[in-house]
Every structure is written in structure tokens, then in C-alpha cells.
Amino acid sequence: MDGARVKLAGITVTYTNDEDNYCSFSIDYYTNSETIGNIGYQKDDTPIETYMSYGRKFFIFSNLGDVTATWSDGEHYVVTVWGSISLDEIKDILNSIGG
């Protein structure tokens, strides 16, 4: 299995409201750290923004009206927050996670 991307464990939680808006959170654990940099995300042509929160560099981008922020420890964990929320709202969420 050398070189294979193996997702050993993960959890995703999604919150919705009556207007069909949503916000999802996921934490994924990969056994092969070399593949974390190759994880792909769908995005539109809006530029990627880097955002620092508690010493972690998040990459924020959009796709078809949804906003996504993702961060990795560079070894095994990938944390992603996304949904039909604004850029300011996703930054507030990132800042609320703490250090």
C-alpha cells in the first residue's frame, strides 16, 4: 500500500436551517502523510485566500456560492469547514476553534 492515500478515520457534522443553508465540519485522518498535499477540492476561479488563526494557516476558497476553509497538520490530519456561509462567517468559525 505504499504511496496509496488511505483515509483511516473521519467524522463529518453538518448543521442546516429552515432556509436550506448549511455548514459542515470534517476532521479526517490519513495514514500516508505524503498524500495530504494532493487532496483535491472543487473551486471556482475566485483566488484562494490564506488566513491565519491561532498559528494555523487555513486556505479559504469558494465554489458555486459555497465557502470552504481547510487546514492540515502536514502529517495526518485534515480539517475542513464549508457551507453556504459568508467569508466573514467562516473566519469567525475558524477564530472560535481556538489553539
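Just so we're clear, the structure is a prediction, and the values are computed from it rather than from any experiment.

**Things to note about unusual backbone geometry**
Most peptide bonds take the trans configuration, and most residues that are not glycine carry a negative phi.
Working step 1: Although it is not a glycine, D20 adopts a positive phi angle of roughly 65°.
Working step 2: Among the secondary structure elements, D20 is positioned in the loop between strand 1 (7–16) and strand 2 (22–30).
Working step 3: In this structure, Y54 takes a positive phi of about 55° despite not being glycine.
Working step 4: Locating Y54 in the fold gives a position in the loop between strand 3 (49–53) and strand 4 (56–63).

**Section: the packing of aromatic side chains**
Working step 1: Overall, the coordinates contain 3 aromatic pairs when judged by the stated rule.
Working step 2: Aromatic side chains Y15 and F25 sit 5.9 Å apart centroid to centroid with 80° between the ring planes, which places their arrangement in the edge-to-face category. Pair noted here: Y15 is in strand 1 and F25 is in strand 2, with a separation of 10 residues, a long-range link.
Working step 3: On the basis of relative accessible area, Y15 is assigned to the exposed category, the value being 52%.
Working step 4: Of the residues examined, F25 reaches a relative accessible area of 28% and is grouped as partly exposed.
Working step 5: Here R56 stacks its cationic end above the ring of W71, 5.7 Å away from the centre of that ring.

**Some remarks on the environment of S86**
Working step 1: Positionally, S86 belongs in the loop between strand 6 (77–83) and helix 1 (87–97).
Working step 2: Residue classification places S86 among the partly exposed residues on the basis of a relative accessible area of 33%.

Cut-offs applied
- Residues numbered from 1 in each chain as written.
- Predicted model: local features only at pLDDT ≥ 70, side-chain atom pairs only at ≥ 80, totals over all residues.
- Heavy atoms only, no water.
- Helix = DSSP H or I, 4+ residues; strand = E, 2+ residues; numbered from the N terminus.
- Phe/Tyr/Trp six-rings, centres within 6.5 Å; stacked < 30°, edge-to-face > 60°.
- Buried < 20%, exposed > 50% of the residue type's maximum accessible area, 1.4 Å probe, protein only.
- Lys NZ or Arg CZ within 6 Å of the ring centre and 35° of its normal.

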